[in-house]
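# Coordinate inspection notes
These are the residues of each chain, in order.
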Amino acid sequence: MAHEEQSFNEFYTEVKEIEKRDSVLTSKQQIDRLLRPGATYFNLNPFEVLQLDCDTPLELIKKKYRSLSILVHPDKNPDNLERAQQAFEIISKAYKTLENETTRKKCLEVYEEAKDRTDMMIAEKKKKLKKEGKHEGVPEDDPSKYKHAIYVMVMKLFADIERRRQQLEVRDMEERKRKREAEIEEEEQRDLQKEWQKNFEESRQSRVNSWHTFQAGSSSSSSSSSVATAEKVKSKKPKKAKYTSFNPPKIKPETR
């Protein structure tokens, strides 16, 4: 955090020194300002990109955008085409943010929050000094240093917003990936079910035919067996009954 604040301070000092030397800046200076190392965080603030105060009316915002866009336009910087294009896109994005009433209002809310936090920070400093029995003021009592403190806080808040946006973007991307993987798995399961059903339907007729063949074979065997039995019964000749001749008993002579 301390390193970030030091970077903010150094960048702020350098930019302000350049602005004092040349209120408009040359094309090269503007491109260098927008693309210098560490400028990514500063470029999150569209007012900073266009070098405007947060209370600048829209008409003046448009005027400043036109002048800066001409300075860094790739057609005006053929010897520095790639960097000029990057700078031009940064300026265009900043203007689109401020041109839109909703997004401009959100940027102004960042400034309001930065002022509130800075005032709270100053109040805490003074409270601590009073508790220690010291009655000297704080550096932020100087208007220029107070303005600088708000500037640093604004940059931090914009950086925090960007970090949260990136985190949400990653989380959203992971969620979409998870949902897509679930959809793919579900699709694969449906395809497998369809394939199983298709194979089942295709083999159904084969199973029915096999059963009919089996049934026909069983019936044929049964019929053949019945016919064979019938023929066997038919082929048997009935047995003739055996009759014995009747011989009357001999009459014996009567004896007296």
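Residues numbered from 1 in each chain as written. Predicted model: local features only at pLDDT ≥ 70, side-chain atom pairs only at ≥ 80, totals over all residues. Heavy atoms only, no water.

As recorded by an unreviewed UniProt entry, the protein chain carries the name J domain-containing protein and is attributed to Anopheles sinensis.

Now for the overall build of the protein chain. For the protein chain, the count of helices and strands is eight helices and zero strands. What you see in the protein chain, going N to C, is helices and strands ordered as α-α-α-α-α-α-α-α. Put simply, the protein chain has 256 residues, and 25% of those count as buried. Partitioning the contacts of the protein chain with sequence separation of at least 6, the portion at a separation of at least 24 is 63%. (Helix = DSSP H or I, 4+ residues; strand = E, 2+ residues; numbered from the N terminus. Buried < 20%, exposed > 50% of the residue type's maximum accessible area, 1.4 Å probe, protein only. Contact = heavy atoms within 4.5 Å.)

Let us look at the nonpolar core. Counting residues in each nonpolar core, the largest one holds 33 residues, and the members touching the most others are F47, V49, L50, I61, V72, I91 and V154. Broken down by secondary-structure element, the contributors of at least two residues to this core are α2 (27-35), α4 (46-49), α5 (58-72), α6 (81-99), α7 (101-131) and α8 (143-235). Apart from the residues within four sequence positions on either side, V49 is in contact with R33, L34, N43, L68, I90, I91 and A94. (Core = buried A, V, L, I, M, F, W, Y, C linked by side-chain atoms within 4.5 Å.)

With that out of the way, let us pick up the packing of α2 against α6. For any two helices packed against each other, one specifies the inter-axial angle together with the distance between the axes. Contact geometry for α2 and α6: axes closest at 9 Å, N-to-C directions at 70°. Relative to α6, the element α2 lies roughly perpendicular. Counting all contacts with α2, which are made through I31, D32, L34 and L35, the residues of α6 involved are R83, A84, Q86, A87, I90 and I91. When grouped by side-chain class, the residues that make up the contact of α2 with α6 number seven nonpolar, one polar and two charged. (Axes fitted to C-alpha atoms, helices over the stretch in contact; angles between N-to-C directions. Parallel < 35°, antiparallel > 145°, perpendicular 65-115°, else oblique. Nonpolar A, V, L, I, M, F, W, Y, C, P; charged D, E, K, R; others polar.)

On to the packing of aromatic side chains. Applying the stated rule across the entire model yields two aromatic pairs. Between the aromatic rings of Y65 and Y95, the centroid separation amounts to 4.3 Å while the plane-to-plane angle is 10°, which identifies the pairing as stacked. Taken together, the residues Y65 in helix α5 and Y95 in helix α6 connect sequence positions 30 residues apart. (Phe/Tyr/Trp six-rings, centres within 6.5 Å; stacked < 30°, edge-to-face > 60°.)

Here the focus is the layout of surface pockets. A volume near 710 Å³ is recorded for the largest pocket. L44, T97, F158, I161 and E162 are the residues nearest the centre of the largest pocket, which is lined by 24 residues in total. For the lining of the largest pocket, the class distribution of residues is ten nonpolar, five polar and nine charged. A domain-level breakdown of the lining of the largest pocket finds at least three residues from each of domain 1 (12-99) and domain 2 (109-203). (1 Å grid on protein atoms, 1.4 Å probe; cavity = no way out; pocket = protein on both sides within 12 Å on 5 of 7 lines; lining within 4 Å. Points joined across faces, edges and corners; volume = space filled by probe spheres on them. Domains from an automatic or database assignment.)

In most cases, non-glycine residues show a negative phi, while peptide bonds are predominantly trans. In this model, Q51 sits at a positive phi of 55°, which is unusual for a non-glycine residue. You can see Q51 is positioned in the loop between α4 and α5.

Quick look at the packing of α6 against α7 now. Two elements in contact, α6 and α7, have axes whose closest approach is 5 Å; the angle formed by their N-to-C orientations is 95°. When the axis of α6 is compared with that of α7, the two are roughly perpendicular. From α6, K96, T97, L98 and E99 reach across to α7, where they touch E101, T103, R104 and C107.

This next bit is on the side chain of S69. Considering the arrangement of structural elements, one finds S69 in helix α5. When its relative accessible area of 10% is taken as the criterion, S69 is described as buried. Sequence-distant contacts of S69, defined by excluding residues within four places in its chain, comprise F88 and I91.

A surface patch of like charges, here negative, comprises E185, E188, D191, E195 and E202. Note on placement: E195 falls in helix α8. (Patch = residues over 30% accessible without salt bridge, like charges linked within 9 Å, V, L, I, M, F, W, Y side chains within 5 Å. Areas by Shrake-Rupley, 256 points an atom, 1.4 Å probe, with all protein chains shown as cover. Salt bridge = Lys/Arg side-chain N within 4 Å of Asp/Glu carboxyl O. Lys, Arg positive; Asp, Glu negative; His and termini not counted. Charge placed at Lys NZ, Arg CZ, Asp CG, Glu CD.)

The next thing to look at is α5. Over its 15 residues, α5 extends 21 Å from the first C-alpha to the last, a length consistent with the 21 Å expected when each residue adds 1.5 Å. Of the residues making up α5, those classed as buried are I61, Y65, L68, S69, L71 and V72. Buried residues in α5, looked at end-on, bunch into an arc of 150°, giving them a common side. The exposed residues of α5 that point more than 90 degrees off its buried face are E59, K63 and I70. The elements touched by buried residues of α5 are α2, α4, α6 and α7. (Expected span 1.5 Å × (residues − 1). Arc of directions from axis to C-beta.)

A word on the side chain of T118. Here T118 shows up in helix α7. Dropping the residues within four chain positions of it, T118 is found in contact with Y146, A149, I150 and M153.

Scored by pLDDT, the protein chain has a mean of 82; 75% of the residues are at 70 or more. The secondary-structure element of the protein chain with the lowest mean pLDDT is helix α1 (residues 2-21), recorded at 58, while α6 shows the highest, at 96. (pLDDT = per-residue confidence, 0-100.)

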